[in-house]
Every structure is written in C-alpha cells, then in structure tokens.
Amino acid sequence: MSMQLTRLRVAQLRQFRQAFELADLTPGLNIFTGPNEAGKSTLVRAIRAAFFERYRSKVVEDLRPWGDASATPQVEVDFQLGQQSVQLFKSFLGTRARCSLTVNGQTKDGAEAEDLLAQWLGFSYAAKGASRPEHWGIPGLLWIEQGTGQALGDPAGHAQDHIRQALAARQDAALGSEVAASLGDELLAQFQAQLDELQTATGKPRAAYLAAIQAAEQLQRDMADLDERIARYQQDVDQLSTLRRQHQQEALERPWDAVKDKLAQARQAEQAVAQRVQQLADAEQGLVRLQQQEALLQAQVRSVTQLQAARMQREQDAARAAEQWQAADAACRVAQQLADDRAQHVQRDRMLLAAARQDANRRLLLSQRQEADAAAQRYQQVLTDAVARSDSLAQLKVSMTAPVLQKADVEALRQLEKQWQTLQVQRQAIATRLQYTLQPGQTMALEGDATVPPLTGEGELLIAEPLSLHVPGVGRLRITPGGQDVALLAQQCAQVERTLQDHLQRLGLAGMPEVERRYESQQDLAAQIKLAEQALQWIAPQGLAPLRQALAQAHQQIAACDQALQALPESASEPVQGMAAAEAALHDSERLESAAREALTQALQARARAEAEQVAAQREVALVQAQLADPEHVVRHQQALSSLAQVTQDAQVQRALVQELMRQRDEARPDILQQEIARLGRSIALMEQAHQQRHTRIQVLEGTLQQVGAQGLEEQRQVLAGEHARAKQRVAELQRRAGALSLLCQQFQQKRRDALERLQAPLKKHLEHYLRLLFPHAQVAVSDQLTPDYLIRRLASGEEERGQFDALSFGAREQLAVISRLAYADLLKEAGRPTLLILDDALVHSDADRLERMKRVLFDAAQRHQVLMFTCHPDHWSDMGVPVRSLMA
C-alpha cells in the first residue's frame, strides 16, 4: 500500500505564527530547502505531532510560538493511502484542541481517528504523557530527525514487530502456524525461562536443581560421616579388648623390673670406672712432675754444651767484627776524600755564580739606566711641549679678557639693525624725491646738516623730514614731506636707532660692523682655546705637575743606577758564564757534595757500629770463657748428669703405669655407661607411663562406647540411606527435565534460525540492492534483530574486510542506516504497509563521492516511495531531476 502526502498546512506553530502551506507534493522525491531556522525541522515536527501526539496531550507546549501562551498549534495533512483520500486535522492545547480524520468523505473524530491512524501506519500512543521513540513504530524508523540519521538500532528495535509481521506475511502457507508466524519466540522464551530456572547459560545447575544436588551431596556426606563414626565405634571395641589383654599381661609380667636390675648393674660399673679414672689422674700428675724435673736437669746439662758452643760462636763473631771495622775504616777515608773534593767544586761554582750574578746585575742596571734616560728624554720633551701649549693657552685666555659678546646680545643687535634698516627702507619708499639738475658751477646746500655736502650737477635727494635747502643767488627752499606715515616712520626709525646706539655704547662699540668683527674674533678665539685645551689634555691629561714628578723620578733612577754601577767590582777580563748555566753547575755540585756528605755520614756510622760490635763480641768471649773456667760450675754439671739418669728411669716407670690405666679406662667406655644408664632410666619411665596411659585409655574407651552404643548409629544410617535415595531420584528427575528443556530450546533455536534466515532473505535482497550502489562488491550481514550487523568488503589485495556497524565512521554509519531504512520501506511496501520517507538534514557528513552515490540510491528509492527531504544545502541536491523548493519563497 502506497502512502503519499499531497498537502501540509501549519498555523500558530513555533515560528509559523501565520498559516504556512506546502501544497502540490508529488510522488517520489520532494526537496525543500532553507537556511538555518527557516522552519524545516519545525515542519518535520508538525508531521510527527500530527501522527504521534494525542490531540488532548498537555506536553506539547514546544509547538506553540515563542512567547504566545494562548496559541493553538494546528496541523493539516492531506495524503493518499492506497486508493483512499485522507484529510487529517489536529489542533493542540487550549479549548479548541481536536482531531478529525476524513476518509473518502467520511469523518472520524477524536481518539477513534487517532487509533485508526496508528493501526494504518504501524505505531502506538503513549498511555500517559508525551509520545516516546518506543511508540513510533514504522514511522519512527522511516522518518529521520535532524542529527539522528546514523542511529538505527533503537528505531529498528521499536519497529521490529511490524517488520517481522511483514516478513512473516511473505512466507508460505505451510508456515502459518504460531511458531512460523512469531518465529516461536514466545514458546522458546517459555522453555528458556524454565531451563534458566534449572541451570545457567553455561550449563551449571541453579535454584531448585542446584538445591537438590546440594541436598543429595549433603546427605551423602552425612552418610559418610555416620559410616565413619560406626567404623570408629567398631575399631574402639576391638581396641578396648586388645588394651585390656595387654594391660593384664603387663601387670603380671612387670617387664620394667628386669630393666631396673640392669640399671643398678650399670651404675655399679660406672662407680668402678670412676675410681680407675681418679687413679689415672693421680698417675698423670706424678708423670708431669717427673717430666718437669727431667726438663730442668736436661736444661742444666745443655747449658754447659751451649756455653762451649757460644764461646766458639763469640770468637768467630769477634773476628768477623774486627774485619768489618777495618773495612768500614777504609770506606770512611775514601768517603772523606770524596767529600773534600766535592766541597772544593762547590766553592768554585759558587764563585762562578757570584761573578755571573754581578755581570747580570751590571747588564740589568745598564738596561734600567738606558730605559730611565729614554724616559727622562721623553718626559722632558712632553713637558716642554705641554709648557709651550699651556703658555699659548694662557695667552689666548688673556686675549679673552675684553668684554665678551654673548650670542643673545649679538642677536638682539642684529634684530635692531634689521628693524632699523626695514624702517629706513619704508621711509625711503614713502619719502619725497627731489631730482635736481644744476648748471655747471651752481650748488645747493642743506641747512642745518653739515654732514651732507653741497649738491652739484644732477642727482636725487630723498626727503623724509622737513628741511631747508639754500640756493645761492636764489634764496632758501623749505621742503616738508606730506602725510602722517612719514612722521611716524621717522619717529620709529629714530627710536630704534637710539636703542641700537645705546646697546652699542654699553658694549663700547662704534657700530654693527665692529660688533660682527668682535663677535667673529671672539668665536675664533674660543675655538682656538678649546683646541689648545684638548691638545694640552691629550699631552698632559693629569696636568704639568705629574709630568715634572715623572721627570724627576726618571733622573733619580738614573742617579741610582749610576751609584749602583759604581759600587759593583770591575768586570772580569775573561768571559763570564751565563747565570742559568752557573746556577745549574752549582746545583749539580751541591747535589754531588750532599751525596758525598751523606755517604761519609753513613760510612762513619757504619765504622762506629762495627767498632761497637767488635767491643761487644770481645766482651762476650771473655764472659763465656770465665763461666767455663768456674770450678763450681763444673761440680753442678756433674750432679745434674747423675740426677738426670735417675729421673729419666722413674719417668719411664710412671709413663707405663699411666698407659695401663688409660687402657683400662678406654675398655670400660664410661661415656657408653652413661648413655646406658640414661637409656635404661627413660625406658623404665616410658614403660610405667605406657602402662598407666593404657589403663586411662581403657577407662575412656569404656565410657565412650557406652555413650555411642546408646545413640543407635545403625538405625540413623538406615534413615539417611532412605533420604539419600529419594534425593538422588529428585536430582535425576531435574537432570532429565533440564536435558529435555535444553534439547527443546536447541531444536526451537535451530528452527528459529532456519525461519529467520528465510525471513532475512528478502531484507538482505533489498539491502544489497542499495548497498551495491553505495559500496560495489560489498555485502552486509543482518543480525537477529533484523539490523545491519557488519559490512563485508573485498580489499584490493583480495582479502575480505569485516567491519562492525558500530565501528564504522559517523558518515558511513549514517549512509548505511539510510539505505537500511530504504530497504525496510521496500519490504513494508511489498507486505502492503504504507510507507513514507522523511529526511531532515540527513547525509550532511558525506563526502562528495559518497554523496553522489547516495543521490543514486535516493533517486532509485523515490521510484517506489514518496521521499520528503529537508536540507540547508540546495546546491548539493540541484541535480536530482526534481524541483528544489525553497521555504523562503
């Protein structure tokens, strides 16, 4: 069933305060353009509100124009639904809210009309509040809002039931059962829920199944524990019988008494060994005393022999000491001769070094005198030049003693002269001109002005003030220039002239030429003084006194050098060795002399040591000879020999006694006897303790067996065995149920997958139809939710690239989501469902190449569906073969 909007009219809705209408909407592609905030999204919101919102809804305040709380938003939509002409009118908010739906002249109003719309288009209304995406169904999938083109999962999920119904409607009649129609989802969900109650997704038991297994295992553990207790009871009975028999036998036989007899014998043997050990200790002490006496007597006998050997050694040492003294004395004489020779060489080298130093000192003094003489000449020349320049500077400064003309005074005089000259020029310009031509020999004279010579011949006279002209033989002419300006200029000129003269008189100058000469002379003199000061500063920057002092110091240094040279002895006639060579020769001589002196000291010390050793050796020889010649010493030696023979014989007898006693001690093994006594004592204690413990164990077992026998363990085990059998049966039942449910779920899931593959086939066909226009040679995998799962593309290398839908770029996801909606529309149209596609500013993230391909996709889809596209980029869609209508027109 096709659906085509033919007219849309809105009023009092957001920015459309006045009525706005889009008429003459055509089948296929309709493109509307306008800049931002031109109302494109508002028109899309109006269409969605007309279908999705209840007319009685109070949560559509956003439809009202901004700032107009009394407005009643209105939407009129005319559309064709199959062969039916439909007019939908809705007004929201206020008392005039209503809904009317006219189908082929028949009108339905209110909720009845809205429910009929929802049934036709495949959506639902919210039970309360604003309509939400989960209610929008098929239109929510096919009508793309601004900025949501890439989001496909939620819209497709909300429309999934409608899509499944459309897919199921295409199946064969053989699949018309409930399982085929709904893909068995409800029944599978029931089985899966029952299976989930028994085990987890990995097959592990849970809930009642797990509780049954745990109960059976606990009963098994209880039975094992009870069996162990029964076994222990039987063991305790057997053990009690054995213990009673052993205890009675030990009480009769008393085996520890025999061990006590052995212990007494061992202690008697230990006492006998202790006596032998004491005898051995006494014998060893007697042997030690005899050995000490033997050692003393042997030392006395050895002392005579040692004295005789010492006498021979001392005589040899005395002879060797005499030889060493003679050799040391000869070495001393040689060392003394060498030391004397080295001392003479040192004295000679010291005299040579002194001569070399005097010569070097003389050359140094001569060099210093030459330098001082050169410095004195240089200072004298500089001082002479500085004195001359200083005198010249003093004369120049004396020349500046006359009154100095300041620049300001000269400028003032120049200004006055210029002013006076200007006034003179003005006076001459307005003065009376008297041109005259006199006969030869005739003159005229100006009365009262002797400075002007008589006038003769011809000429011109400027008269700026009244004057009298005497003409001989004719009389006197009184000429007075006319006009007040002449008199005023004359006064000004006279005033300026007086001021000028006063300044000149104060400076003592006759006129401006003298002023200029004086000022120029002073400037030149000042420049000369500055140059002279600079020259003097360069020659003597610190003044004349330091120069005179430096010259005096140079003369003093010359005198000191002359005095030092005179004090030096006369230079030798022979060439003097260099000071470095003389110092090196002296150093070598002193080093050799020091070595000779050291050798002499060592030789003297060696001779002294040899002499002391010779005296000591002679003294030792005399001492030993005196000891050997003493009569008492001879008697003591004979007595020592006799006593040594007796003591040696007694020591041999005592040593044999000690060895015999040691043999007897070793054969008795006192350490073994001690171990035997300890072993027998512990054995007796352990035997008596074991006998007592066995008696105590018998008493404990008797009490325990009496208590356990009263508990009825065998009866308890029979009860547990019955409970365990029932628990195992329950586990087996739940195990069989879980296996059956698991098998049912597997069978249903396989059937569901088979049916889903058959249902997905037409959707994949439509998807790949558009996909080949966008991505040639690409394929798309469809998920169980009937949405694109991943995109399969073949690379240039021949390998396949699989990209999850959510991992694609924003632009690619938007493009794939748009073609998916077009495929859904094709599928719904084939199933007889109404389709209308709305794109609000979609595909704005596509590059130029992808946009061209998407144009082909949209143009192809527009051959089967009406597509309303709203965009703010008219230049991108001007080549679609349809008019691009502007909302601003």
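Residues numbered from 1 in each chain as written. Predicted model: local features only at pLDDT ≥ 70, side-chain atom pairs only at ≥ 80, totals over all residues. Heavy atoms only, no water.

### Looking at the overall build of the protein
Which entries qualify depends on this criterion: Segments assigned H or I by DSSP are reported as helices when at least four residues long, segments assigned E as strands when at least two residues long, and all are numbered from the N terminus. When accessible area is computed with a 1.4 Å probe and restricted to protein chains, residues below 20% of their type maximum are described as buried, those above 50% as exposed, and intermediate ones as partly exposed. In this analysis, two residues are considered to be in contact whenever any of their non-hydrogen atoms come within 4.5 Å of each other. Only the protein chains shown count as cover for residues, and the accessible areas themselves come from Shrake-Rupley with a 1.4 Å probe. Under the counting rule used here, the positive set is Lys and Arg, the negative set is Asp and Glu, and His together with the chain ends is not counted. Throughout, a charge is located at the NZ atom of Lys, the CZ atom of Arg, the CG atom of Asp or the CD atom of Glu.
Helix and strand counts for the protein come out as 19 helices and 20 strands. If you line up the protein on its principal axes, its C-alpha atoms span 210 × 175 × 60 Å. Looking at the 889 residues of the protein, the share that counts as buried comes to 36%. In the protein, of all internal contacts separated by at least 6 residues, the share reaching a separation of at least 24 is 72%. Accessible area of the protein: about 52100 Å², with a carbon and sulfur share of 50%. Counting 100 positive and 111 negative side-chain charges, the protein places the averaged centre of each group 5 Å from the other.

### Regarding the sheet that holds strand E7 (residues 106–109)
Our working definition: In this description, strands pair whenever DSSP reports at least two bridges between them. Fitting a line to C-alpha atoms yields each axis, with helices limited to the stretch in contact; the angle taken between N-to-C directions then spans 0 to 180 degrees.
If you walk across this open sheet you meet the six strands as E2-E1-E4-E5-E6-E7, and the pairing is antiparallel. Here the strands that pair on one side only, and so sit at the sheet edges, are strand E2 (20–22) and E7. Mean inter-strand twist for the sheet, computed between neighbouring axes without regard to direction, equals 15 degrees. Sitting on the sheet, helix H1 (residues 40–52) is in contact with strand E1 (3–11), E2, strand E4 (74–81) and strand E5 (84–91), with an inclination near 105 degrees to E1. Strands in contact with helix H2 (residues 110–121) are E1, E4, E5, strand E6 (98–103) and E7; relative to E6, the strand with the most contacts, it is inclined by about 55 degrees.

### Here's the deal with the pairing of strand E10 (residues 443–447)
Burial of E10 is one-sided: the residues Met 444 and Leu 446 facing one way are buried, the residues Thr 443, Ala 445 and Glu 447 facing the other way are not. Sheet analysis places E10 next to strand E11 (residues 455–456), joined by two bridges and oriented antiparallel. Within the sheet, the bridge partner assigned to Met 444 lies in E11 and is Leu 455. Examined bridge by bridge, E10 and strand E13 (residues 467–471) share three bridges and lie antiparallel to one another. The partner of Leu 446 across the bridge, within E13, is Leu 469.

### Regarding helix H19 (residues 848–861)
To be explicit about the condition: Each helix should span, by expectation, one fewer than its residue count multiplied by 1.5 Å. For this quantity, the arc is that covered by the directions from the helix axis to the C-beta atoms. For the purposes of these results, a polar contact is taken to be a pair of N or O atoms within 3.5 Å, where, inside protein, one atom must be able to donate a hydrogen and its partner to accept one; residues adjacent in sequence count only when each atom of the pair is a side-chain atom.
The end-to-end C-alpha distance of H19, which contains 14 residues, comes to 20 Å, matching closely the 20 Å that a straight helix rising 1.5 Å per residue would cover. Among all positions of H19, only Leu 851, Met 854, Lys 855, Val 857, Leu 858 and Ala 861 are buried. Viewed end-on, H19 has its buried residues packed into an arc of 170 degrees, placing them on one side of the element. By the N-cap criterion, in which a side-chain oxygen at the helix start approaches the backbone nitrogen of a residue two or three places on, H19 is capped by Asp 847, the distance to Asp 849 being 3.3 Å.

### Remarks on helix H13 (residues 544–567)
Given a rise of 1.5 Å per residue, 24 residues ought to cover 34 Å, and the 35 Å separating the end C-alpha atoms of H13 matches this to within 8%. All of the buried residues in H13 are Leu 544, Leu 547, Ala 550, Leu 551, Ala 554, Ile 558 and Cys 561.

### Concerning the pattern of salt bridges
As a reminder, the rule being used: Any carboxyl oxygen of Asp or Glu within 4 Å of a side-chain nitrogen of Lys or Arg constitutes a salt bridge here.
This model, assessed by the stated rule, comprises 34 salt bridges. Between Arg 254 and Asp 257 there is a salt bridge whose closest N-O contact spans 2.9 Å. By relative accessible area, which is 39% here, Arg 254 ends up partly exposed. Of the residues examined, Asp 257 reaches a relative accessible area of 30% and is grouped as partly exposed. Between Arg 333 and Asp 329 there is a salt bridge, and its shortest N-O distance comes to 2.3 Å. Note that Arg 333 and Asp 329 are positioned in helix H9 (residues 256–399) at a spacing of four residues, about one turn of the helix. Among the charged side chains, a network of salt bridges with common partners joins Arg 7, Arg 9, Glu 21, Glu 76 and Asp 78.

### A word on the nonpolar core
Stated formally: We call a set of buried Ala, Val, Leu, Ile, Met, Phe, Trp, Tyr and Cys residues a nonpolar core when their side-chain atoms join them within 4.5 Å.
Counting residues in hydrophobic clusters, the biggest one holds 94 residues, and the most contacted among them are Phe 51 and Phe 79. No other element matches helix H18 (residues 810–830), which puts eleven residues into this core. Excluding residues that lie within four positions of it along the chain, Phe 79 makes contacts with Met 3, Gln 4, Leu 5, Thr 6, Phe 51, Gln 84, Ser 85, Val 86, Leu 88 and Leu 117.

### Quick notes on the environment of Leu 290
Assignment of secondary structure puts Leu 290 in helix H9. Taking C-alpha positions, Leu 290 is 7.3 Å from Asp 650, a pair spaced 360 residues apart along the chain. The residues contacting Leu 290, other than those within four sequence positions of it, are Val 647, Asp 650, Ala 651 and Gln 654.

### Details of the sheet that holds E10
Taken in spatial order, the four strands of this open sheet run E11-E10-E13-E14, and their pairing is antiparallel. Single-partner strands in this sheet number two, and they are E11 and strand E14 (475–479).

### Let's talk about the packing of aromatic side chains
For clarity, the cut-off: Stacked, edge-to-face and tilted are the three classes for Phe, Tyr and Trp ring pairs, Trp counted by its six-membered ring, which pair at centre distances within 6.5 Å; planes under 30 degrees apart are stacked, over 60 edge-to-face, the rest tilted.
Overall, the coordinates contain eight aromatic pairs when judged by the stated rule. Note on Phe 52 and Trp 136: the rings are 5.4 Å apart at their centroids and 5 degrees apart in plane angle, and the pair reads as stacked. Pair noted here: Phe 52 is in helix H1 and Trp 136 is in the loop between H2 and helix H3 (137–142), with a separation of 84 residues, a long-range link. Taken individually, Phe 52 and Trp 136 each receive the classification buried, so the pair is uniform in this respect.

### Looking at unusual backbone geometry
The phi dihedral of Arg 14 falls on the positive side, at around 55 degrees, and the residue is not glycine. If you trace the backbone, Arg 14 turns up in the loop between E1 and E2. Exposure remark for Arg 14: the relative accessible area of 18% places this residue in the buried category.

### A word on the pairing of strand E3 (residues 29–33)
Of all five residues in E3, five are buried, a share of seventy percent or more. Across five bridges, the pairing between E3 and strand E19 (residues 867–871) is parallel. Residue pairing in the sheet places Ile 31 in a bridge with Met 869 of E19. Of the strand pairs in this sheet, E3 and strand E20 (residues 884–886) are connected by three bridges, and their pairing is parallel. Of the residues in E20, the one forming a bridge with Thr 33 is Ser 886.

### Side note on the packing of H18 against H19
The condition is simple: Roughly parallel covers angles under 35 degrees, roughly antiparallel covers those over 145, roughly perpendicular covers 65 to 115, and oblique covers all other angles. Three residue categories are used. Nonpolar comprises Ala, Val, Leu, Ile, Met, Phe, Trp, Tyr, Cys and Pro, charged comprises Asp, Glu, Lys and Arg, and polar comprises the others, including Gly.
At a minimum axis separation of 11 Å, H18 and H19 run at an interaxial angle of 10 degrees. By the angle between their directions, the pair H18 and H19 is classed as roughly parallel. For the pair H18 and H19, contact is made by Ala 812, Gln 815, Val 818, Ile 819 and Leu 822 and by Arg 850, Met 854, Val 857, Leu 858 and Ala 861, respectively. In terms of residue class, the contact of H18 with H19 is built from eight nonpolar, one polar and one charged.

### Section: the environment of Asp 806
You can see Asp 806 is positioned in the loop between strand E17 (800–804) and H18. Overall, Asp 806 belongs to the exposed group, its relative accessible area being 66%. For Asp 806 and Pro 788, which are 18 residues apart along the polypeptide, the C-alpha to C-alpha distance reads 9.7 Å.

### With respect to the confidence of the model for the protein
The condition is simple: Note on scores: pLDDT gives the predictor's confidence for each residue, bounded by 0 and 100.
For the protein, the mean per-residue pLDDT works out to 81, and 92% of the residues sit at or above 70. Residue range residues 172–183 is modelled with pLDDT below 50. Its contacts to residues more than four positions away, or to other chains, number 14 contacts.

### Things to note about the environment of Ile 463
For Ile 463, the position within the fold is in strand E12 (residues 458–463). Overall, Ile 463 belongs to the buried group, its relative accessible area being 0%. Sequence spacing of Ile 463 and Gly 508 is 45 residues, and the spatial spacing of their C-alpha atoms is 32 Å.

### Some thoughts on the side chain of Ser 820
As for its placement among the helices and strands, Ser 820 is situated in helix H18. Not counting residues up to four positions away in its chain, the partners in contact with Ser 820 are Leu 152, Leu 767 and Pro 788.

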